[in-house]
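These are the residues of each chain, in order.
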Amino acid sequence: MSAQVPQSMGERLVAPVTNVSDFIWGGTWNGEAVIPFPPLALILLGVGLWFMVGLRFYPITRFGAALKALFAGRKGSGAGEISPFAALSTALSGQVGTGNLAGVATAIALGGPGAIFWMWITALFGMALAFAEGSLAIRYRETTSDGIKRGGPMTYIMMGLGPKFTWLAILFCIGTLFSALVTGNSIQANEVASGLNELFGWERWFGGLVVAIAVFVVIIGGIKSIGRVAESVVPFMAATYIVMAVIALILNFGDLGETFGRIFAGAFNFQSASGGFAGAALILAIRAGVARGLFSNEAGQGSTPIAHAVAQTDDPEQQGRMAMLGTFIDTIVICTMTALVILTVQGDFTYQGQAVDHVWQSDLGTTAMSGFVTTSGAFAAAFPYEIAQIPLGTLVASIALILFVFTTLLTWSYYGERAITFIYDRVPGSSRGGEKVLHIIWRVVWCIAIFVGATQPSQLVWRLGDISNATMLLPNVIGLALLSGVVFALARGNRTAGRTYTEATPEEPEEY
């Protein structure tokens with residue numbers, strides 16, 4: 001009888017972390033319903049609905065104007081560090097990552113095809129939340145002693161709600177650091193290690209090392225360097241991926257009707273799920289769709305306004321529209337393309353030795369296995385022609401993943417940097433020089449975390465990501481709700497809506 005291989009710390013943590021994640025997003029513990037609704041999903045959708053109604057369905061009625069502004073946003077017309085378009089590209093580079101390729105596959109594994117419907121609903125309400133975040137990021141931003149513009153939820157909470165809400169701003173920053181190291185780092189590194197392993201046969205640790213070095217080369221130059229790379233890479237990689245997905249769907253056009261039928265039927269499935277309580281399937285679909293939708297587009301999470309705050313514009317409404325478009329592009333366009341390819345493309349797949357038509361029904365689509373391998377398998381089935389013994393579909397999906405992840409790692413390093421800076425600036429005696437030292441230390445720690453994250457169990461980092469996202473989302477959503485009146489006024493063109501709390505301070509920035 002062979003000795004049992006002892007579990008690693010990461011493997012032992014999977015079960016307890018999964019329980020916490022399931023409770024936050026699904027209201028279950030050990031697979032049993034503890035409360036009859038998914039708590040965080042309900043909060044996110046509820047606040048999103050509040051903003052959608054309060055904005056008088058602005059994301060829908062002003063969508064055309066937002067698209068028009070997209071092409072006018074390549075040149076800045078106000079104070080800031082990078083153009084409005086570069087700010088959108090930077091935010092998108094943080095949004096468009098593993099969530100768009102691997103996250104969609106895990107959503108389908110957890111909640112079935114119906115999860116995609118709830119992902120769409122999350123994105124629709126998310127556009128209203130994104131408008132709120134982007135507009136507040138410009139309305140309330142700080143200027144450092146050397147003239148740099150910066151901001152984000154911690155700043156609009158502090159300047160919009162006043163010093164008595166400093167605790168909420170700091171709580172958001174702590175959540176941001178947790179989420180940056182898990183969502184923005186470990187999950188990305190974990191999936192790109194899988195992609196590099198599939199593409200080149202590299203060991204996971206070696207793939208993590210290569211990516212860590214490449215990221216360090218860019219982030220050492222700060223937000224302007226990140227913005228330049230994002231503006232160059234993001235539009236090209238997104239367009240290429242979408243074109244390939246559209247071709248795959250055209251080749252399998254006859255099965256698209258059945259796919260949409262599965263999505264809508266699964267979205268309102270009141271049956272029990274694998275021996276669970278009645279309605280469990282519906283809860284699973286909502287939980288998976290909302291959690292993965294948030295993971296992908298980050299609307300309401302509070303990450304993207306950190307990028308939008310540096311845009312060269314003095315018009316909060318303009319940047320709010322840019323932020324709104326980011327959510328649309330990320331989820332309604334890119335995630336939908338991934339989902340349709342996974343659910344539609346047929347190939348030679350098996351589940352426990354039995355032949356099945358689609359990758360999501362196969363061993364690659366199970367809860368334990370799902371992720372990038374699911375998406376890669378679907379694309380390989382759509383484009384089986386081999387280049388250097390690698391199916392064209394696998395090649396395209398792997399390159400897309402590597403580029404998506406690379407830019408996500410760049411942007412999230414900046415988000416974590418801003419969180420550290422804000423906390424440090426509350427310390428008496430803080431200085432611009434001290435900030436810069438902290439930034440260098442953080443960038444080194446960030447790259448070490450990439451290397452470590454590449455080798456962790458996939459299920460652990462994904463579930464930790466669900467928890468870490470919640471620690472950012474809750475403080476941000478409270479701040480957004482309290483500032484909702486200001487957001488509604490900004491949407492009507494009042495650029496100076498709301499009270500601004502500033503007071504002379506010895507710390508950076510000189511005035512808050």
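Residues numbered from 1 in each chain as written. Predicted model: local features only at pLDDT ≥ 70, side-chain atom pairs only at ≥ 80, totals over all residues. Heavy atoms only, no water.

### Topic: the overall build of the chain
Moving on, step 1. A count of helices and strands for the chain gives 20 helices and 8 strands.
Moving on, step 2. Residue burial in the chain is summarised as follows: out of 512 residues, 61% are buried.
Moving on, step 3. In the chain, the proportion of contacts linking residues at least 24 apart, taken out of those at least 6 apart, comes to 80%.
Moving on, step 4. A total of about 19100 Å² of accessible surface is found on the chain, and carbon and sulfur atoms cover 66% of it. (Helix = DSSP H or I, 4+ residues; strand = E, 2+ residues; numbered from the N terminus. Buried < 20%, exposed > 50% of the residue type's maximum accessible area, 1.4 Å probe, protein only. Contact = heavy atoms within 4.5 Å. Areas by Shrake-Rupley, 256 points an atom, 1.4 Å probe, with all protein chains shown as cover.)

### A short note on the packing of aromatic side chains
Moving on, step 1. The tally for this structure, following the rule as stated, stands at 14 aromatic pairs.
Moving on, step 2. Centroid distance Trp120 to Phe264: 6.1 Å. Interplanar angle 55°. Geometry classified as tilted. Within this pair, whereas Trp120 is found in helix α7 (residues 115-139), its partner Phe264 is found in helix α12 (residues 256-267), the two being separated by 144 residues in sequence.
Moving on, step 3. For Trp120, a relative accessible area of 16% puts it in the buried group.
Moving on, step 4. A centroid spacing of 5.4 Å and a plane angle of 40° characterise the contact between Tyr241 and Phe379, whose relative ring orientation is tilted. (Phe/Tyr/Trp six-rings, centres within 6.5 Å; stacked < 30°, edge-to-face > 60°.)

### Details of the pairing of strand β6 (residues 354-358)
Moving on, step 1. As paired elements, strand β5 (residues 346-351) and β6 share 4 bridges and run antiparallel to each other. Within the sheet, the bridge partner assigned to Gln346 lies in β6 and is His358. (Pairing = 2+ DSSP bridges.)

### Focus on the packing of helix α8 (residues 153-161) against helix α17 (residues 392-424)
Moving on, step 1. Running from N to C, α8 and α17 point in directions that differ by 35°, and their axes come no closer than 10 Å. Side by side, α8 and α17 meet where Met154, Thr155 and Met158 of the first sit next to Arg418, Ala419 and Phe422 of the second.
Moving on, step 2. Taken together, the residues of the contact of α8 with α17 break down into 4 nonpolar, 1 polar and 1 charged. (Axes fitted to C-alpha atoms, helices over the stretch in contact; angles between N-to-C directions. Nonpolar A, V, L, I, M, F, W, Y, C, P; charged D, E, K, R; others polar.)

### Quick notes on the side chain of Asn185
Moving on, step 1. Within the element layout of this structure, Asn185 appears in helix α9 (residues 166-200).
Moving on, step 2. At a separation of 3.2 Å, a polar atom in the side chain of Asn185 contacts the main-chain amide nitrogen of Ile450.
Moving on, step 3. Setting aside residues up to four positions removed in sequence, Asn185 forms contacts with Ala180, Leu409, Trp446, Ala449 and Ile450. (Polar contact = N/O pair within 3.5 Å; in protein donor to acceptor, adjacent residues only side chain to side chain.)

### Quick notes on the side chain of Glu133
Moving on, step 1. With respect to the helices and strands, Glu133 occurs in helix α7.
Moving on, step 2. A polar contact of 3.3 Å, which involves the side chain of Glu133, links it to the backbone nitrogen of Gly300.
Moving on, step 3. Residues within four places of Glu133 in sequence aside, it is in contact with Tyr156, Glu298, Ala299, Gly300, Gln301, Gly302, Thr304, Pro305, Asn476 and Leu480.

### Quick notes on the pattern of salt bridges
Where side chains of opposite charge bring their charged atoms close, a pairing between them can arise.
Moving on, step 1. Under the defined criterion, the tally for this structure stands at 10 salt bridges.
Moving on, step 2. We note a salt bridge from Arg150 to Glu142, for which the minimum N-O separation is 2.5 Å. Across this residue pair, the class does not change: Arg150 and Glu142 are buried.
Moving on, step 3. Note that Arg432 is salt-bridged to Glu435, the shortest N-O span being 2.6 Å. In this pair, Arg432 and Glu435 are both assigned in helix α18 (residues 432-453), 3 residues apart and thus about one turn of the helix distant.
Moving on, step 4. Overall, Arg432 belongs to the buried group, its relative accessible area being 15%.
Moving on, step 5. Residue classification places Glu435 among the buried residues on the basis of a relative accessible area of 0%.
Moving on, step 6. Among the charged side chains, a salt-bridge network with shared partners connects Glu142, Arg150, Arg418, Asp425, Arg432 and Glu435. (Salt bridge = Lys/Arg side-chain N within 4 Å of Asp/Glu carboxyl O.)

### Structural notes on helix α19 (residues 458-482)
Moving on, step 1. Here α19 contains 25 residues, and its C-alpha end-to-end distance of 37 Å stays within 8% of the 36 Å for a straight helix at 1.5 Å per residue.
Moving on, step 2. Of all the bends found along α19, the most pronounced is centred on Leu473 and spans about 25°, while Pro475, a proline, follows it within four residues. (Expected span 1.5 Å × (residues − 1). Bend = angle between axes of the 7 residues up to and from the residue.)

### Regarding the confidence of the model for the chain
Moving on, step 1. Mean pLDDT for the chain: 82, with 88% of residues reaching 70 or above.
Moving on, step 2. For the chain, the element scoring lowest by mean pLDDT is helix α13 (residues 280-297), at 64; helix α20 (residues 484-491) scores highest, at 94. (pLDDT = per-residue confidence, 0-100.)

### Focus on α20
Moving on, step 1. Counting buried residues along α20, 7 of its 8 residues qualify, which places the element largely inside the surrounding structure.
Moving on, step 2. Among all positions of α20, only Ser484, Val486, Val487, Phe488, Ala489, Leu490 and Ala491 are buried.
Moving on, step 3. In this structure, the buried side of α20 is in contact with α2 (39-54), α3 (58-61), α7, α15 (316-344) and α19.
Moving on, step 4. Positioned one or two residues after α20, Gly493 has a phi angle of 95°, which is positive.

### Comments concerning the nonpolar core
As a rule of thumb, nonpolar side chains are buried together in soluble globular proteins.
Moving on, step 1. Of all hydrophobic cores here, the largest spans 146 residues; its most connected members are Phe51, Leu55, Leu136, Val215 and Trp446.
Moving on, step 2. No other element matches α17, which puts 15 residues into this core.
Moving on, step 3. Discounting residues that sit within four places of it in the chain, Leu55 has contacts with Ala128, Phe131, Val487, Phe488 and Ala491. (Core = buried A, V, L, I, M, F, W, Y, C linked by side-chain atoms within 4.5 Å.)

### Let's talk about the environment of Arg228
Moving on, step 1. Take Arg228: it is sitting in helix α11 (residues 222-251).
Moving on, step 2. Residues Arg228 and Ser89, 139 residues apart in the sequence, show an inter-C-alpha distance of 9.1 Å.

### Concerning unusual backbone geometry
Moving on, step 1. The phi torsion at Arg56 lies on the positive side, around 55°, for a residue other than glycine.
Moving on, step 2. When you line up the elements, Arg56 lands in the loop between α2 and α3.

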